[in-house]
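Here is what each chain is made of, one letter per residue.
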Amino acid sequence: MIFKRFLLFCATAFLVLSLSSWSTRIHPYHVGSVEFNYNPTSKTFEITGKFFLDDLENALKEKYGKPVHFDDAKYKQQINELLKKYCEEYLKVKTDNKFLKINYIGFEENSESVNIYLESETLNPPKKVEVAVSLLYNFFDDQMNIIHIIVNGKRESDKLNYPNRYLYKIF
């Protein structure tokens, strides 16, 4: 009887430890945010995306077939090249019926997230802003991206759930 209890305890402990270590590697939701902030001084949109580090690593690996590690300096140049291509494909901005050229600036990482920085070409304050954001959609079919568009101090926010990628706002 004692031996059976011991085996049951060991099996339960093994299961709990296995599940707890598995859940720390895979979070239960996939969410990111992208902010499009019109700067009247530079007459550009300053764009910042924030995503979970492991999600972005996995999406880049899936897309380009090359593993990258944000916390390893030897991958920095490769990550910059991949993020530039990735953002060109999965992030578009159109204002007043004209597509904008978006320039990749760089990224910053911390232990859990990555910030991606981009900037648009110059433009006059827009009246209508349309964005197409499908970052991480290539890897997660439950990805949610929270979008913030700020023009002349007016903030419009919404969320895009996979597969929806288009959002427009009037200012």
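Coordinates for the structure precede this section.
In this report, we go over the structure that sits alongside the text. Values in this document were obtained by computation on a predicted structure and should not be read as measured data.

The next point concerns the pairing of strand β6 (residues 113-120). Buried residues dominate β6, accounting for six of its eight residues. In this sheet, β6 lies alongside strand β2 (residues 44-52) in antiparallel orientation, the contact comprising seven bridges. The residue bridging Phe52 from the neighbouring strand is Ser113, located in β6. Of the pairings in the sheet, the one linking strand β5 (residues 102-109) to β6 comprises seven bridges and is antiparallel in character. Residue pairing for β6: Glu109 is matched across the bridge by Val114.

This part takes up the pattern of salt bridges. Within the structure shown, the criterion is met by seven salt bridges. Between Glu89 and Lys63 there is a salt bridge, and its shortest N-O distance comes to 3.0 Å. One end of the pair, Glu89, is in helix α3 (residues 76-90); the other, Lys63, is in helix α2 (residues 53-64), with 26 residues separating them in the sequence. Taking the relative accessible area as the measure of exposure, Lys63 reaches 30% and is therefore partly exposed.

Right, let's talk about the side chain of Lys169 for a bit. Relative to the assigned elements, Lys169 resides in strand β10 (residues 166-170). With relative accessibility at 15%, the residue Lys169 sits in the buried group. Of note is the side chain of Lys169, whose polar atom sits 3.4 Å from the side chain of Asp158. Ignoring any residue separated from it by four or fewer positions in sequence, one finds Lys169 in contact with Lys127, Lys128, Val129, Ile149, Glu156, Ser157 and Asp158.

About the cut-offs
- Residues numbered from 1 in each chain as written.
- Predicted model: local features only at pLDDT ≥ 70, side-chain atom pairs only at ≥ 80, totals over all residues.
- Heavy atoms only, no water.
- Buried < 20%, exposed > 50% of the residue type's maximum accessible area, 1.4 Å probe, protein only.
- Helix = DSSP H or I, 4+ residues; strand = E, 2+ residues; numbered from the N terminus.
- Pairing = 2+ DSSP bridges.
- Salt bridge = Lys/Arg side-chain N within 4 Å of Asp/Glu carboxyl O.
- Polar contact = N/O pair within 3.5 Å; in protein donor to acceptor, adjacent residues only side chain to side chain.
- Contact = heavy atoms within 4.5 Å.

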